[in-house]
Amino acid sequence: MLKAELRQQIRNLKRQFSSQQLEELSLPIIARLRPRLTGAATVFAYYSLPDEVFTHQLIDELVAEGKTVFLPKVTGPDTMTWHRYTSPADLLLGAFGIAEPNGMMVDGQDFAPSTDGEQVVLVPGIAFDAQGRRLGRGRGYYDRFLALHPDMYKIGVCFDFQKLPEVPVDAFDIPVDEVI
């Protein structure tokens, strides 16, 4: 199946659920994710869209625990930067209708690995397979970032119906280490 066809198929599946239902379906996923973040000093997260696993509360809890949290901000057709998140007051509506941070920027290419704990990247996607292959929304923002930081632990976050036997990939697609 082509990537575009698969994206449309998953979008159609998501439309079968209300935003409240998707938020409820998110609870067990976040519960499975929480233990994986215990040792992380820094978490590169995403502020979920209405059709994604709901991450808003998790992000605020991570900040309250003293973890450093960064969220992405689209800055151009092929560029994404990461900004420090401290509270919902940091957010502005940005590209593609996504709430984006306006806090301190971290240069994705020059980001220095943390020495005080693991760095984890929470990666959204349209679909994932058991090998960690990911189908994104098609712009390549995460693939470019992940290619620059192969040592960061990458966790794909999705609903169970987004886990497929196989996901089509190209040479530039970066797999995640684990899918929750």
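The structure we're discussing is the one just above.
Basis of the calculations
- Residues take numbers from 1 onward in each chain, read along the sequence in its written order.
- Since the coordinates come from a predicted model, pLDDT governs what is reported: local features require at least 70, and pairs of side-chain atoms require 80 or more to be given and counted, while whole-chain, interface and lining totals use all residues.
- Excluding hydrogens and water, the side-chain figures rest on all heavy atoms present in the structure.
- A pair of aromatic rings is counted whenever rings of Phe, Tyr or Trp (Trp by its six-membered ring) have centres within 6.5 Å, and the orientation is called stacked for planes under 30 degrees apart, edge-to-face for over 60 and tilted otherwise.
- Put simply, DSSP marks the helices as runs of H or I at least four residues long and the strands as runs of E at least two long, and each gets a number from the N terminus on.
- When accessible area is computed with a 1.4 Å probe and restricted to protein chains, residues below 20% of their type maximum are described as buried, those above 50% as exposed, and intermediate ones as partly exposed.
- Each polar contact in these results corresponds to two N or O atoms within 3.5 Å; when the atoms are within protein, one needs to be able to donate a hydrogen and the other to accept it, and residues that are neighboring in sequence are counted only if both atoms are side-chain atoms.
- Here a residue-residue contact requires only that any non-hydrogen atoms of the pair lie within 4.5 Å.
- Buried Ala, Val, Leu, Ile, Met, Phe, Trp, Tyr and Cys residues that are joined via side-chain atoms within 4.5 Å together make up what is termed a nonpolar core.
- Salt bridges are defined by distance alone: a side-chain nitrogen of Lys or Arg within 4 Å of a carboxyl oxygen of Asp or Glu.
- The arc in question is the one spanned by the directions pointing from the helix axis to the C-beta atoms.

Asker: Mind showing me how you'd approach the packing of aromatic side chains here?
Answerer: The description of two aromatic rings rests on the distance between their centres and on the angle between their planes. This structure, assessed with the given rule, holds eight aromatic pairs. Between F17 and F161, the aromatic rings sit 5.3 Å apart at their centres with planes inclined by 10°, giving stacked as the arrangement. Remark: F161 occurs in the loop between β10 (153–157) and β11 (163–164) and F17 occurs in the loop between α1 (3–14) and α2 (19–33); sequence separation between them is 144 residues. Seen from their ring centres, F159 and F161 are 5.5 Å apart, and the 5° between their planes marks the pair as stacked. Of the residues examined, F161 reaches a relative accessible area of 22% and is grouped as partly exposed.

Asker: What is the right way to look at the side chain of E178 in this model?
Answerer: Mapped onto the elements, E178 comes out in strand β12 (residues 178–179). Within the structure, the side chain of E178 is placed 2.7 Å from the side chain of Y153, a separation counted as a polar contact. Sequence-distant contacts of E178, defined by excluding residues within four places in its chain, comprise R36, Y153, K154, I155 and G156.

Asker: Can you help me understand the nonpolar core in this one?
Answerer: Nonpolar side chains in soluble globular proteins tend to end up buried together. Ranked by size, the top nonpolar core spans 39 residues in total, and within it L33, L37, L71, L122, F145, I155 and V157 carry the most contacts. When neighbours within four sequence positions are excluded, L122 is seen to be in contact with L33, L37, V43, F44, A45, Y46, L58, Y142, I155 and V157. Counting six residues, the second largest nonpolar core, distinct from the first, contains L6, I10, I126 and L135.

Asker: Would you take a moment to explain the pattern of salt bridges for this structure?
Answerer: When charged atoms on two side chains of opposite charge get close, those side chains can pair. Considering all chains together, one arrives at 13 salt bridges under this definition. In this structure, D129 and R133 form a salt bridge, with 2.6 Å as the shortest nitrogen-oxygen distance. Accessibility expressed as a relative area gives 3% for D129, which makes it buried. Judged by its relative accessible area of 26%, R133 is partly exposed. One salt bridge connects K163 with D160, and the closest N-O pair in it is separated by 3.4 Å. On the accessibility criterion, D160 (48% relative accessible area) is partly exposed. Here the salt bridges share partners, and the residues they tie into one network are K14, D51, E52 and R137.

Asker: How should I be thinking about helix α3 (residues 56–64) in this particular structure?
Answerer: Each full turn of the α-helix corresponds to 3.6 residues, which orients residues three or four apart in the same direction. H56, L58, I59 and L62 are the residues of α3 that are buried. End-on view of α3: buried residues confined to an arc of 165°, all on one side of the axis. Across α3 from its buried face, at more than 90 degrees, point the exposed residues Q57 and A64. The elements touched by buried residues of α3 are α2, β1 (40–44), β2 (68–76), β3 (79–85) and β7 (118–124). Immediately beyond the C-terminal end of α3, within one or two residues, lies G66, with a positive phi of roughly 95°.

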